[in-house]
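Below are the chains, spelled out letter by letter.
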Amino acid sequence: MDAVVIRRPSGGSRFSRLPSGNRRSRIDAAKSAATRERAYMSLRTRVSATLLAGTLASVGLGAIPAQADTSRGITIPAFYTPPANLPAANGGLIRTEPLNLALNLPGINSSMPGSATRIMYKSTDSTGSPVAVTGAYLEPAAPWLGMGPRPLVVLAPGTMGQGDQCSTSLALQRGLILGIGKEQSTVSVGYEILAMYRLLAKGIAVVQTDYVGLGTTDRLHTYVNRIDSGHAVLDAARAAKALPNTKITAQAPVGLYGYSQGGGAVASAAELQATYAPDVALKATYAGAPPANLVDVTAAIDGSELLGALGWSVNGFLQAKPEIRPLFDRYLSDNGRAALHDMSTMCVGDAIITYAGTRSSTWTTNGESVAEIIGAEPVLRVFINDQLLGTRKPTGIVRVATGVNDNLVPHAQARTMAVDWCGLGGKVVYDPINLPKGSSALLNHFGPLLTDQSTAVDWLTHRLAGWPAVSNCPILPLLP
């Protein structure tokens, strides 16, 4: 963890549009906010000047600003602040730097499981605007023993949170981010490291995306936004192949791996590949527990241990489509605004500790839940329905794995996505994971992640090695 912490004023961050509630009197809060805003604008002016000077003087990849940012007292490296100008091409590299892995072992010829490079690349968000996305490329020390060129897998992380300190590329460097006390307050665990290292051990190169707005300090993470996440995944593959001096070639076959939020992201990428990134040679996708239908998922996570995911969803919706803010403002109470503001800088651990078991009905003026508000407002229903997965034929073969007793990201809606893909002529291997149902929705959801991970990695490896797989769409109606 960085020794020097430059605290960003809480009232002047990119989250300032999420109201902080009535913890102080209106007058004192206004004076305090004004003071913080002046200090922050002064800081922003200095940062902008530094960025401009660096951009004019830079050669090659984008200039790195001299000023760092913070989230919940954790310093976000200056690397994560995007430059003013981005490349024209999607997947174009903006900047790179060596990344020291938190878990690394010395090997005979190189460190195990390999070396890593932090990357920032250009993508396009759901509004059609250019956006900078960060991530990491991991070069395996192990040889590729399969047929053909060494493959590349894009790993889309599961839910990490919404604060920039939660990004997976930072987790690769730090492993565990634990801030306790007055200056720092956050808990973030890099649990996706296990899946990445399993892939690296098989000689597969891995690139992971942090998604739009997670890590990068210019905007809020849009969480389960279908287009943002699908584009970020596909452009990560492009960025990895643009890196010089790697063990992958332009001909490297591409696979996608993701569970939970990541399962939705790779499912979206498989649907969007044909129109958005036909140059990405996508062969196979593992989509575990995908949140395919956000209406069903929203209702399921309300009141669970992971209520934070509902707050991140709402914050992400408002970031991607600010014109729906007046609708939410009509329903949100001061308590709801304060909760959303608080969650916007939280990681998974923070949200579980603070909001487990809370219901979104405590956020509204009329006691309605977020799901009920969405159901009552046609504009919100249209926006949520546009996030639906399963309406477009995916590229390549897709293994859809979902826990039969998963009641956090409900099994039924993931199964429906697989059925719909089959109906569109997609190649689907549907695999229901049957584990005992427990009293914890969180454990019912994450159980299949752990028990199925080895099988998922092996399945994806075999597809990238050229081994055929048969779609089980004809027998899917017989499966739970």
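Residues numbered from 1 in each chain as written. Predicted model: local features only at pLDDT ≥ 70, side-chain atom pairs only at ≥ 80, totals over all residues. Heavy atoms only, no water.

Looking now at helix α12 (residues 378-385). Of all the positions in α12, only L380, F383 and I384 are classed as buried. When α12 is viewed along its axis, its buried side chains cluster within an angular range of 95 degrees and face the same direction. Looking at α12, the residues exposed on the side facing more than 90 degrees away from the buried face are V382 and N385. Packed against the buried residues of α12 are α6 (294-301), α7 (308-320), α8 (325-331) and α11 (370-376). (Buried < 20%, exposed > 50% of the residue type's maximum accessible area, 1.4 Å probe, protein only. Helix = DSSP H or I, 4+ residues; strand = E, 2+ residues; numbered from the N terminus. Arc of directions from axis to C-beta. Contact = heavy atoms within 4.5 Å.)

One open sheet holds the nine strands; their spatial order is β3-β4-β5-β9-β6-β10-β11-β12-β13, and the pairing between them is mixed. In the strand order of this sheet, the two ends are held by β3 (93-99) and β13 (427-433), each with one partner. Taken over all neighbouring pairs, the strand axes of this sheet differ in orientation by 20 degrees on average, direction set aside. Alignment of β3 against strand β4 (residues 114-124), held across six bridges, turns out to be antiparallel. (Pairing = 2+ DSSP bridges. Axes fitted to C-alpha atoms, helices over the stretch in contact; angles between N-to-C directions.)

Bringing the environment of E97 into the picture now. Position of E97 relative to the elements: it lies in strand β3. Here E97 falls in the partly exposed class, since its relative accessible area comes to 22%. Along the backbone, E97 and T117 are 20 residues apart, and their C-alpha atoms lie at a distance of 5.7 Å. When residues no more than four places from it in sequence are discounted, the contact partners of E97 are F79, T117 and R118.

When helix α10 (residues 348-355) is considered as a whole, its buried residues turn out to be V348, G349, D350, A351 and Y355. Contacts from the buried residues of α10 go to β8 (186-189), α7 and α9 (334-343). Once α10 finishes, G357 follows within two positions and takes phi at roughly 85 degrees, a positive value.

Interpretation of the predicted coordinates at a detailed level should be avoided for regions scoring low in pLDDT. Put simply, the chain has an average pLDDT of 86, and 82% of its residues get 70 or more. Note that pLDDT drops below 50 for residues 1-67; the model gives that stretch 92 contacts with residues more than four away or on any other chain. (pLDDT = per-residue confidence, 0-100.)

Ranked by internal contacts, the top residues of the largest apolar core, which has 48 residues, are Y137, L152, V154, V207, L256 and V428. Residue contacts for Y137: discarding those within four places in its chain leaves S115, A116, T117, L152, A205, V206, V207, A240, L243, T246, K247 and I248. Ranked by size, the runner-up nonpolar core spans 36 residues in total, among them V224, A309, L318 and L332. (Core = buried A, V, L, I, M, F, W, Y, C linked by side-chain atoms within 4.5 Å.)

Attention now moves to the state of the cysteines. Across all of its chains, the model carries two disulfides by this definition. For C166, the disulfide goes to C347, at an S-S distance of 2.1 Å. Its S-S torsion of about -95 degrees marks the bond between C166 and C347 as left-handed, since a negative value means left-handed. Separated by 181 residues along the polypeptide, C166 in the loop between β6 (152-156) and α2 (168-174) and C347 in the loop between α9 and α10 bring together distant segments of the chain. Each member of the pair C166 and C347 is classed as buried. Paired by a disulfide, C422 and C473 hold their sulfur atoms 1.9 Å apart. Its S-S torsion of approximately -80 degrees makes the covalent link between C422 and C473 left-handed. (Disulfide = S-S within 2.5 Å.)

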